[in-house]
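For reference, the chains in residue letters:
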Amino acid sequence: MKCLDDFRLQLGGREYVPLMIGGMGVDISTSDLALEAARLGGIGHISDAMVPTVSDRRYKTRYVAAKMAKYKFNVGNDDKSIAQFDLGDLAEAQRLHVEYTMGRKQGDGLVFINIMEKLGMNNPSATLKVRLEAALDNGIDGISLSAGLHLGSFALMQDHPRFRDAQLGIIVSSVRALNLFLRKTKGLDRLPDFVVVEGPLAGGHLGFGLDWKKYDLATITAEVLAFLKEHDLTIPVIPAGGIFTGSDGVRFMETGSAAVQVATRFTVSHECGLPKHVRQEYFKASEEDVEVNLVSPTGYPMRMLKHCPAIGAHNRPNCEQFGYLLDRNGHCAYIDAYNRAVEKNPDDVHVYEKTCLCTQMRKFNCWTCGEYVYRLKDTTHQLADGSYAELSAEHIFEDYRLSRDDKIALPDITD
Ligand SMILES: Cc1cc2nc3c(=O)[nH]c(=O)nc-3n(C[C@H](O)[C@H](O)[C@H](O)COP(=O)(O)O)c2cc1C
């Protein structure tokens, strides 16, 4: 059987190892992780989810404190529309994150940024434009547009000098979503450079309803490939979600995909942003520990470990500090869920209906994962104390690249 390294991804006239590490917010796919993928000849992603908050932690800025100081008076108010992000600060935070990453890049691969539309940030269009343009300004190789249909995102970037040379792609979960995107952007005379097809077994938010089990990645990918052929469009197609071994990837390459995108296997790498104890939770997970639920205020189903601290937590809405999920009316579904929980049991508030995703993702309390998280324990050694040996991103990348016959190479115990 072939291995992934027998294929190459062609993008912008160059060739890459056909392996892309997907974006994982909030700072789970770190700069270091993305850079490893690029160094090894593939493609890595940073994420700009909650980038001012990430910047405070990584680059010693004070954006969160400044926003809180400005809007503290509004904390008791359910209408958060006044708590706007400073667009200059947002651009600066994006600059710091992208510049810090791109300035350290080595090797022949690429670093992209994952930009989610669902982060409305209380002013969806203006904040999205700033995020997109600041990423391009500061030298990102490409952008993956995710968590939303992004019908207006190309138009937001169309006047940017890098609009035609940066690699710009879209993540979809159906032909319908791709068709809508292509129809909406037709007038701009610029196709996406790649299409990631994310299936129902992926981590993070899903582009499916709670009936996700009715769908499968191979079928949707085949439908997307057929649609592109029918319309005479040559756009690299990159499936994602549940591709656990290099051989899983090969099966997609042999049926017309240009590369594969993966994420869950890298959640247990040294370079990943999750704290050590959370990585161990991912290793330990069993099949029964995984659920797809509706606790995300975005309205999209999300897959996570069902014993994670984000579920049933009791924090007040934190929109004056964070507020990344506020829609154009200054509203987030968590605020309603919180108020209902307070009304029900004011002395012991636990919110099960929704989670305050900003607060919980920032604390790495929302343990989102792909369906096959329970197989991670098979990718390493269990140590004498019962814990699992962490892996280097290089080891995982090379295993995907070189493995044949569904084999998974275990690390040297010193890795
Ligand atoms: C911990 C985690 C966080 C994720 N966060 C995001 C995100 O912020 N934005 C996004 O578009 N996809 C996100 N994803 C999806 C991945 O980028 C990727 O497409 C998918 O998980 C691939 O499937 P796999 O995890 O089974 O390999 C996340 C996945 C994981 C595991």
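Below or above, wherever it landed, is the structure these notes cover. (Residues numbered from 1 in each chain as written. Predicted model: local features only at pLDDT ≥ 70, side-chain atom pairs only at ≥ 80, totals over all residues.)

### Overview of the overall build of the chain
Using the following cut-off: Put simply, DSSP H or I for four residues or longer makes a helix, DSSP E for two residues or longer makes a strand, and each gets a number counted from the N terminus. As defined in this context, the radius of gyration uses C-alpha atoms, and a globule is described by 2.2 Å times the residue total to the power 0.38. For every residue, the other C-beta atoms within 10 Å of its own C-beta are counted; 20 or more classify it as buried, 12 or fewer as exposed, and values in between as partly exposed. C-beta atoms are placed from the backbone.
Tallying secondary structure elements over the chain gives 13 helices and 13 strands in all. The C-alpha atoms of the chain give 21 Å as radius of gyration, which agrees with the globular expectation for 415 residues (22 Å, within 12%). When the backbone C-alpha atoms are referred to their principal axes, the chain occupies close to 60 × 60 × 40 Å. By residue count, 51% of the 415 residues in the chain fall in the buried class.

### Digging into the sheet that holds strand β12 (residues 290-293)
Applied cut-off: Two strands pair under a simple rule: DSSP has to find at least two bridges between them.
The antiparallel open sheet is built from three strands, whose spatial order is β9-β13-β12. Two strands in the sheet have a free side with no partner beyond their single neighbour: β9 (204-205) and β12. By the bridge criterion, four bridges tie β12 to strand β13 (residues 302-305) in an arrangement that is antiparallel. Counterpart to V290 in the pairing with β13 is L305.

### Considering the site of the ligand
To keep it simple, the criterion reads: Here is the check we use: build the C-beta atom from the backbone, and if it is within 6 Å of the molecule or strand, call the residue near. Amino acid classes used here: Ala, Val, Leu, Ile, Met, Phe, Trp, Tyr, Cys and Pro are nonpolar; Asp, Glu, Lys and Arg are charged; the rest, including Gly, are polar.
Lining the immediate surroundings of the ligand are 30 residues, of which G22, G25, G203, G204 and G370 lie closest. Split into classes, the residues belonging to the shell around the ligand amount to 14 nonpolar, 15 polar and one charged.

### Section: the pairing of strand β6 (residues 142-146)
Within β6, five of the five residues are buried, leaving the element largely enclosed by the surrounding structure. Along β6, one buried face is formed by G142, S144 and S146 and the opposite face, lined by I143 and L145, is buried too. Pairing analysis gives five bridges linking strand β5 (residues 110-116) to β6, with the strands arranged parallel. What sits directly across from M116, in β6, is S146.

### A word on unusual backbone geometry
A cis amide bond, omega -5°, links G25 with the succeeding residue V26. Along the chain, the position of V26 falls in the loop between β3 (19-21) and α1 (31-39). If you check the backbone angles, K60 has positive phi at about 60° while not being a glycine. Positioned with a positive phi, A147 is a non-glycine residue whose angle comes to about 45°.

### Quick word on the packing of helix α4 (residues 87-102) against helix α5 (residues 124-137)
The test is simple: Only the contacting stretch of a helix is used when fitting its axis, a line to C-alpha atoms as for every element, and angles between N-to-C directions run 0 to 180 degrees. Should the near helix be turned anticlockwise from the far one by less than a right angle, the crossing is left-handed, and should it be turned clockwise, the crossing is right-handed. Any pair of residues counts as being in contact when their C-beta atoms, constructed from backbone geometry, are within 7 Å of one another.
Between α4 and α5, the least distance of the axes is 9 Å, while the angle of their chain directions is 30°. When the axes of α4 and α5 are compared, the crossing they make is right-handed. Packed against α4, whose contacting residues are L87, L90, A91, Q94, R95 and V98, the element α5 presents A126, T127, V130, R131, A134 and A135 at the interface.

### Digging into the packing of helix α2 (residues 51-59) against α4
How we decide: Geometric relationships in this document are graded by angle, where less than 35 degrees denotes roughly parallel, more than 145 denotes roughly antiparallel, 65 to 115 denotes roughly perpendicular, and other angles denote oblique.
Relative to each other, α2 and α4 sit at 55°, their axes nearing to 9 Å. On the basis of the axis angle, α2 is oblique to α4. Read as a crossing pair, α2 and α4 show a hand that is left-handed. For the pair α2 and α4, contact is made by V51, P52, V54, S55 and Y59 and by D89, L90, A93, Q94, L96, H97 and Y100, respectively. Residues belonging to the contact of α2 with α4 are distributed by class as follows: eight nonpolar, three polar and one charged.

### A short note on the nonpolar core
Buried together is how nonpolar side chains tend to be arranged in soluble globular proteins. Just so we agree on the cut-off: Remark: nonpolar core denotes a set of buried Ala, Val, Leu, Ile, Met, Phe, Trp, Tyr and Cys residues whose joining runs through C-beta atoms within 7 Å.
Membership of the largest hydrophobic core comes to 128 residues, with the highest contact counts inside it found for I140, I143, V195 and I238. Filtering out sequence-adjacent residues up to four positions away, I143 remains in contact with F112, I113, I115, L132, A135, A166 and L168.

### Quick word on α1
α1 sits mainly inside the fold: seven of its nine residues count as buried. Of the residues making up α1, those classed as buried are S31, L33, A34, L35, E36, A37 and A38. Taken together, the buried residues of α1 touch β3, β4 (43-47), α4, β5 and α13 (393-402). Looking one or two residues beyond α1, the residue adopting positive phi is G41, at roughly 95°.

### With respect to the pairing of β5
A regular strand places its side chains so that they alternate between the two faces of the sheet. Applicable threshold: Look down the strands so they point away from you; if the path from the first strand over the helix to the second goes clockwise, the crossover is right-handed.
Across the seven residues of β5, seven count as buried, placing the element largely inside the fold. On β5, burial covers both faces: L110, F112, N114 and M116 on one face and V111, I113 and I115 on the other are all buried. Across five bridges, β4 lies against β5 in parallel orientation. Bridge pairing in β5 links S47 to N114. Crossover connection from β5 via α5 to parallel β6: handedness right-handed.

### Things to note about helix α10 (residues 276-284)
The criterion, for reference: By construction, the arc corresponds to the directions joining the helix axis to the C-beta atoms.
What α10 keeps buried is the set V278, R279, Y282 and F283. The buried residues of α10 occupy an angular sector of 150° when the element is viewed end-on, so they sit on one face.

### Looking at the environment of G386
Among the secondary structure elements, G386 is positioned in the loop between α12 (357-362) and α13. Taking the C-alpha atoms as reference points, G386 and G241, separated by 145 residues in sequence, lie 29 Å from one another.

### Looking at the environment of N345
You can see N345 is positioned in the loop between α11 (333-344) and α12. Residues N345 and A83 lie 262 residues apart in sequence; the distance between their C-alpha atoms is 28 Å.

### A look at the environment of L136
Within the secondary structure layout, L136 lies in helix α5. By C-beta crowding, L136 is classed as buried, having 22 other C-beta atoms within 10 Å. Distance from L136 to A226, taken between C-alpha atoms, is 32 Å for residues 90 residues apart in sequence. With residues near it in sequence (within four places) discarded, L136 still touches M157, H160, R162 and A166.

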